[in-house]
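Tertiary structure, described
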Amino acid sequence: MPDQPPPVYLDNAATSFPKPAAVAETMARLLDTTALSPGRAAHRYSLAAGRVIFAARETLAALFGCRDSSRIVFTNNVTTSLNIGLQGLLRPGDHVITTGMEHNSVMRPLRLLERLRGIRLSFLPTAATGEVDVDALPRLLASDTRLIVVNHLSNVTGSLVDLATLARFKGDALLMVDAAQSAGSEAIDVTAQGIDFLAFTGHKSLFGPTGTGGFYLRPGIVLPPLVVGGTGSNSEHEVQPDFAPDAYEAGTPNTLGIAGLAAGVAFVRETGLAAIRRHEETLTTRLLDGLGQIPGLTVYGPGPGPHRGPVVSIRLAGISVSDLAFALDRDHGILGRGGLHCAPAAHRSIATYPEGTLRLSLGYFNTEAEIDSCLAALDRVRSRC
Ligand SMILES: Cc1ncc(COP(=O)(O)O)c(C=O)c1O
């Protein structure tokens, strides 16, 4: 049997692959050389594990323009972070402004709190491209608006939300950003951009392993924890410490994963966000230009340029989204993702609900040759439709 070419991985919005070599190297070395329970004992292994976590916090704080790394809290993923933020901040009857492009990790907690606490939701208008009209914010703000929560970079269309405008008009409301797709790919500065709560996941463009993530919490915000327990600090008290990050980090942390995440973030900082962005934009433009040449193919999302990220949603006439995803994988080794991408609201906004789209999501390690293989494969599938 002839050698198959290696698969072309275009599902980086789900999780990035491959990871920089330093991620696995760091994790393997730590696992082999030290125990990983930080902040509990005074012996050398525990202290070393504490230093691993502290260094990771500092690296993430530097990436996000946060001056005090104790405001960076580690969790298992962005979903946990968003739940801590939404369930902790929202009080009965609060008004929340969000968008029609949210992932279910925002939408489901909001719908839950709508039912349990009677919160009131308003939605910023969304164009058919998935672009959110942030200029409508002043019209939606009310005296009881507690929170504005937005998906920074759409995991369906790649559209970016203009955070500067939201921060400018938000008044007393808090700004929460779901940076699942943008952290490690877009420049984020929580201080300069007026972000009150930034939720990130470790395993996408930050190149960490799955099971890592966290959030930034602006100093001065009172946020009750969702999970309480042992922290290794204030152990004489039966009540949870009230200071960050300990208040939100009950239980032994994923030290190994956090070490891998720090290695991924170090790679991002060494490579430079500008270089990462430039490469991803070059690839995205090449893909969008090529898709535009394929008859019967529809692209959902903004055109090429700096106002979008490397996530592209398409449909091809004459074949279902799931059959297209299957044919691309089985016959051509192109690994995209078909369906709703956990964001039914976004598909309603761009009129692709309930079937969804085929999503091609690019990452720093993709190449122009891979984009060309994907385009050739799509053209071959089309010719058989
Ligand atoms: C915009 C957005 N928010 C939230 C999530 C949830 O990420 P995680 O599963 O890492 O919590 C994702 C990932 O799929 C996403 O794309």
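Note that the structure is predicted; figures quoted are calculated from it, not measured. (Residues numbered from 1 in each chain as written. Predicted model: local features only at pLDDT ≥ 70, side-chain atom pairs only at ≥ 80, totals over all residues. Heavy atoms only, no water.)

Concerning the overall build of the protein chain
A tally of regular secondary structure across the protein chain gives 11 helices and 13 strands. For the protein chain, the C-alpha radius of gyration of 21 Å lies close to 21 Å, the compact-globule estimate for 385 residues. Projected onto its principal axes, the C-alpha positions of the protein chain cover 70 × 55 × 35 Å. Each of the 385 residues in the protein chain was classed as buried or not, and the buried ones make up 54%. Across the protein chain, the fraction of contacts at a sequence separation of at least 24, relative to all contacts at a separation of at least 6, is 69%. (Helix = DSSP H or I, 4+ residues; strand = E, 2+ residues; numbered from the N terminus. Rg over C-alpha atoms; globule rule 2.2 N^0.38 Å. Buried < 20%, exposed > 50% of the residue type's maximum accessible area, 1.4 Å probe, protein only. Contact = heavy atoms within 4.5 Å.)

Regarding the packing of aromatic side chains
In total, this model carries 9 aromatic pairs according to the counting rule given. Centroid distance Tyr364 to Phe365: 5.5 Å. Interplanar angle 75°. Geometry classified as edge-to-face. In textbook terms, an aromatic cluster arises when at least three aromatic residues are bridged by ring pairs, as seen for Phe207, Phe267, Tyr364 and Phe365. The cationic tip of Arg348 hangs over the ring face of Tyr353; the distance from NZ or CZ to the ring centre is 4.1 Å. (Phe/Tyr/Trp six-rings, centres within 6.5 Å; stacked < 30°, edge-to-face > 60°. Lys NZ or Arg CZ within 6 Å of the ring centre and 35° of its normal.)

Quick notes on the side chain of Glu249
Mapped onto the fold, Glu249 is located in the loop between strand 8 (213-217) and helix 7 (255-271). Residue Glu249 is classed as buried on the basis of its relative accessible area, which comes to 16%. At 2.6 Å, the side chain of Glu249 forms a polar contact with the backbone nitrogen of Phe74. Ignoring sequence-local partners within four residues, the contact set of Glu249 consists of Arg57, Ile72, Val73, Phe74, Gly230 and Thr231. (Polar contact = N/O pair within 3.5 Å; in protein donor to acceptor, adjacent residues only side chain to side chain.)

Observations regarding the site of the ligand
Around the ligand there are 13 residues in total, and Thr79, Asp178, Gln181, Thr201 and Lys204 lie nearest to it. Between the ligand and Thr79, the relevant distance is 2.5 Å, taken from an oxygen atom to a side-chain nitrogen or oxygen of the residue. A distance of 2.7 Å separates a nitrogen atom of the ligand from a polar atom in the side chain of Asp178. Compared with its free state, where it exposes 400 Å², the ligand has 87% of that area covered by protein. Placement of the ligand is best described as lying within the second largest pocket. Partitioning the shell around the ligand into residue classes produces 2 nonpolar, 9 polar and 2 charged. (Near = heavy atom within 4 Å. Areas by Shrake-Rupley, 256 points an atom, 1.4 Å probe, with all protein chains shown as cover. 1 Å grid on protein atoms, 1.4 Å probe; cavity = no way out; pocket = protein on both sides within 12 Å on 5 of 7 lines; lining within 4 Å. Sits in = over half its atoms within 2 Å of the grid points. Nonpolar A, V, L, I, M, F, W, Y, C, P; charged D, E, K, R; others polar.)

Here's the deal with the domain arrangement of the protein chain
For the protein chain, the assigned domains are domain 1 (8-20 + 273-384) and domain 2 (21-271). Contact residues are listed per partner, giving 38 residues for domain 1 and 38 residues for domain 2. Of the roughly 2,800 Å² buried between domain 1 and domain 2, counting both surfaces, carbon and sulfur atoms make up 59%. Ionic pairing is found between Arg277 and Glu186, a salt bridge with its closest N-O pair at 2.9 Å. (Domains from an automatic or database assignment. Buried area = accessible area lost by both parts, 1.4 Å probe. Salt bridge = Lys/Arg side-chain N within 4 Å of Asp/Glu carboxyl O.)

Examining unusual backbone geometry
Negative phi values dominate among residues other than glycine, just as trans dominates among peptide bonds. The omega torsion of the bond from Phe17 to Pro18 falls at -5°, within 30 degrees of zero and hence cis. Assignment of secondary structure puts Pro18 in the loop between strand 1 (8-9) and helix 1 (21-33). The step from Tyr353 to Pro354 runs through a cis peptide bond, and the omega angle for that step is 5°. Following the sequence through the fold, Pro354 ends up in the loop between helix 10 (344-349) and strand 13 (357-361). Within the chain, Phe207 stands out as a residue other than glycine whose phi angle is a positive 65°. Mapped onto the elements of the fold, Phe207 is located in the loop between strand 7 (197-201) and strand 8. One non-glycine residue with positive phi stands out, namely Asn234, at about 50°.

Here we look at the nonpolar core
Leu60, Phe64, Leu166, Leu198 and Leu206 are the most contacted members of the largest nonpolar core, which has 47 residues in total. Looking at this core, the elements with two or more residues in it are helix 2 (44-63), strand 2 (72-75), strand 5 (145-151), helix 6 (163-169), strand 6 (174-178), strand 7 and helix 7. With 6 residues, the single largest contributor to this core is helix 7. Ignoring any residue separated from it by four or fewer positions in sequence, one finds Leu166 in contact with Leu124, Val134, Leu137, Ile148, Val150, Val161 and Leu175. Of all hydrophobic cores here, the second largest spans 27 residues; its members include Leu82, Ile84, Leu147 and Leu217. (Core = buried A, V, L, I, M, F, W, Y, C linked by side-chain atoms within 4.5 Å.)

Digging into the state of the cysteines
In this structure the tally under the stated criterion is 0 disulfides. The thiol sulfur of Cys374 is not disulfide-bonded, and the nearest other cysteine sulfur, from Cys385, lies at 14 Å. We classify Cys374 as buried; its relative accessible area is 0%. (Disulfide = S-S within 2.5 Å.)

Focus on the pattern of salt bridges
For the structure on display, the rule yields 15 salt bridges. The closest approach of N and O atoms between Glu355 and Arg315, which form a salt bridge, is 4.0 Å. Taken together, the residues Glu355 in the loop between helix 10 and strand 13 and Arg315 in strand 10 (residues 311-316) connect sequence positions 40 residues apart. Its relative accessible area of 37% is what places Glu355 among the partly exposed residues. Salt bridges here are not isolated pairs; linked through shared partners, they connect Lys170, Asp196 and Arg218.

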